[in-house]
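# Notes for the structure review
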Amino acid sequence: MSRTGSHGRRGLAVALRGITKSFPGVLANDHVDLEVRWGEIHALLGENGAGKSTLMSILSGLYQPDEGEILVGDDEGGLRPVTITSPRAAIHLGIGMVHQHFKLVPTQTVAENVILGVEDMPFVLDLDAVARDVAEIADRLRMPVDPTAPIWQLSVGEQQRVEILKALYRGAEILVLDEPTAVLTPQEADEVAAILRSLAAEGKAIVFISHKLDEVVEIADRVTVLRKGRNVATMDVADTDKHRLAELMVGREVATTIPKPPAEPGPTVLALEGVVVRNERGLVALDHVDLEVAAGEILGIAGVAGNGQRELTEVATGLRRPDAGRVVVDGKDLTGASPVAFLDRGVAHVPADRLGRGLAGNLPLADNLAMRAYRHPPIAVGPAIRRDRMRAFAETIIERFRVDAPGPDTPARNLSGGNQQKAILGREITAGSWAAARGHRPVLVAAYPTRGLDVGAIEHVRARLLEQRAAGTAVLLVSEELDELLMMSDRIAVLHGGRIMGVVTPEETTIEELGLMMAGEAHR
Ligand SMILES: Nc1ncnc2c1ncn2[C@@H]1O[C@H](COP(=O)(O)OP(=O)(O)OP(=O)(O)O)[C@@H](O)[C@H]1O
Ligand SMILES: [Mg+2]
C-alpha cells in the first residue's frame, strides 16, 4: 500500500538511527531506529513510559540524544545528517510537533498563538495578515477556527486544531502529534483523522502517537512499537491487527474484559438534588440534575464531552457552587462548602485535566502523592510532617498502581504522561480508605480515568476501581467510551445539554440506545 506518486515526493522524510537517551535512573531510548516516509501516516505505539514522547522530543529539538543520528530527506529520495539543537532548528528543517500537553497561551488569540515565537517576526506585526493566513490554511484543511478567538474560549478539540495550524503555519512538512486524540470526543477525533489523511495526501510525513488501537489500525499506513525504550517492530498496518499490536506492546496477552461481581449497593452517599449551574458564558450547563450514587455502586455518566460533565464533577467535589439545588454527601448538606470540606468528608476526585489540576509538576512525586494524606496521622504528627512516612506512603502507591518512576523524589513532571495519570489515580483512589478510616463513607468522582493509559494499565486501573466498589466506595465514573461504561457501571446516566436524559442499566441497554440518548432523545 503506497501513497507515493500523487504528491511526487520519493523516499524517506526522516531516519532516526541508533537513538539513545537516558535520564537519571532511566534509559528512555535504547538504540532506536525509525524511518518515516513522505506521504505516510506512521503510528508510534508503546506502553506508558516506553519512550515515545522522548523519541519524538528528540526529533523536534526539545532534547538532545546521547547517541545516534538523525537524517532528513529531500523530495528526491536523498538523505542528509542533521543536528537539531532546538525546536526552532527543527522548524527550519520542516519538523513540527504537537505536544501531549498543549503549549498555548490561554489569554491570547488564535492568531497571536500561531505567530508567538516565530523567528524573523517582523518589527510591526500584521496580525490581520496572520489571521488571514491562518484562516486560509484552516479552510484548505476544512478545520474551522476563528483566528480572533481567545484560546480560553475554545474547546479542547479546537485547541488541538490551533496546535496543528501553528505547526503548519511554520512550514512543517514532517508533523509529529503526541496523543492528539487522547482528550478529544470521538467526533473530534474523526475530524483530526481526516485532517491527518489530507496532510499525508499532500505528501507530508505524519507521525502520531496513540494508545487507541482501533484508531491506529484505521488511519495509519505503518506502525512502530516501542517497548522499554526499544523498537520491537515496524510493519504495515495491513499486515497486523489490534490483538497482535497489544501483545507486542505489553509482551503478553491482554484481557479485554474483567470479571465484575454483582453489586451490593448500600445507602446513598452522594446526592445531587435539582442542581442548576451556569457556566462562565452565562449559559445553563446543568439543568436541574438529580442523581444518587450508593455505597458500593458505580454510576456511569455517558455523554459527548461538553454537555455538562465538567460542571457535574466540579459540583460533586465542591470546586463549583451550584446556582440552585443541593449537594448532599452521606446525609450532610455540603452545598457551597469548600473543596477541602468535601475532601474531609471523603470525596476524592480524578480530574479530567491532570496536569493543571491533578499534579504540581515541580514538586517531588512523594509530595504529590501525599497531597490528600499529609494533614492527617501518621504523616502529620501534631503540626509536624514526617517526611520519611510521606515517602513510605508514596512508595506504597507507586507499587500498588505500578507507577513507572525512578522513585518518590523525582519531580512529577518527569513522569511519562500515562504514569502521571496512574499517580493521580493512586492518590485519589487511596484517599477513600483514609476517609473510611475517619468514619466517612468514601466517594470517588473519576473523570476519564483510563484516558492516555496503555492497554495493560487500563486493565489494572479498572480492577482497582472495582476494588473500591467492593470496599463500599460510591463511584461516579465519567467516560466517553461506551464499552468502558457498559463494562464498569451498575447504572448509566446519560447527559445531554446539561440534562439527564435517562438512567439505564448495562444489562438492559444497548450502544444504540445510549447513542440516541447522547444525541438528545429522552429515555422511553
Ligand atoms: N525530562 C525527564 N527527566 C527524567 N525522566 C524523564 C524525562 N522525560 C521522560 N523521562 C522518563 O523517560 C521514560 C520514557 O518517558 P516518555 O515520556 O518518553 O514515555 P511515553 O512512551 O511517552 O509514555 P506515555 O504513554 O505515558 O506518554 C519514562 O520512564 C520517563 O519517566
Ligand atoms: Mg508520552
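If you're wondering where the values come from, they're calculated on a predicted model, not measured in any experiment.

## Details of the overall build of the protein chain
Counting its secondary structure elements, the protein chain contains 17 helices and 22 strands. Its C-alpha atoms give the protein chain a radius of gyration of 24 Å, near enough to 24 Å, the size a compact globule of 524 residues would have. For the C-alpha atoms alone, the extent of the protein chain along its principal axes is close to 70 × 50 × 50 Å. The 524 residues of the protein chain split such that 47% are buried.

## A look at the site of ligand 1
Among the 20 residues in the neighbourhood of ligand 1, the closest are listed as Phe23, Ser53, Thr54, Ser416 and Gly418. Residue assignment for the shell around ligand 1 shows that the elements contributing at least two residues are strand 2 (26-37), helix 1 (52-59) and helix 14 (417-437). Residue contributions to the shell around ligand 1 reach at least three from each of two domains, namely domain 1 (12-250) and domain 2 (268-363 + 416-518).

## Observations concerning the sheet that holds strand 11 (residues 268-278)
An order of 12-11-14-15 is seen for the four strands of this open sheet, with the pairing classed as antiparallel. The open sheet has two free edges, formed respectively by strand 12 (284-294) and strand 15 (332-333), since each of these has just one partner strand. Here strand 14 (residues 324-329) pairs with strand 15 via two bridges, running antiparallel. In the sheet register, Val329 faces strand 15, and the bridge partner there is Lys332. Taken strand by strand, helix 9 (residues 309-316) contacts strand 11, strand 12 and strand 14, and its axis lies near 125° from that of strand 11.

## So, the sheet that holds strand 10 (residues 230-236)
Pairing is mixed in the open sheet, where six strands are placed in the order 6-7-8-3-9-10. Both edges of this open sheet fall to strand 6 (95-98) and strand 10, since each of them pairs with a single strand only. Adjacent strand axes in the sheet meet at a mean angle of 20°, parallel and antiparallel pairs treated alike. In terms of strand pairing, strand 3 (residues 41-46) meets strand 9 (residues 222-227) through five bridges, oriented parallel. Bridging from a neighbouring strand, Ala43 pairs with Val223 of strand 9. Those strands touched by helix 1 are strand 3, strand 6, strand 7 (174-178), strand 8 (205-209) and strand 9, and its axis lies near 150° from that of strand 7. The strands that helix 5 (residues 156-169) touches are strand 6 and strand 7; relative to strand 6, the one it contacts most, it runs at about 170°.

Each value, and the rule that gives it
- Residues numbered from 1 in each chain as written.
- Chains lettered and ligands numbered in written order.
- Predicted model: local features only at pLDDT ≥ 70, side-chain atom pairs only at ≥ 80, totals over all residues.
- Helix = DSSP H or I, 4+ residues; strand = E, 2+ residues; numbered from the N terminus.
- Rg over C-alpha atoms; globule rule 2.2 N^0.38 Å.
- Buried ≥ 20, exposed ≤ 12 C-beta atoms within 10 Å, placed from the backbone.
- Near = placed C-beta within 6 Å.
- Domains from an automatic or database assignment.
- Pairing = 2+ DSSP bridges.
- Contact = placed C-beta atoms within 7 Å.
- Axes fitted to C-alpha atoms, helices over the stretch in contact; angles between N-to-C directions.

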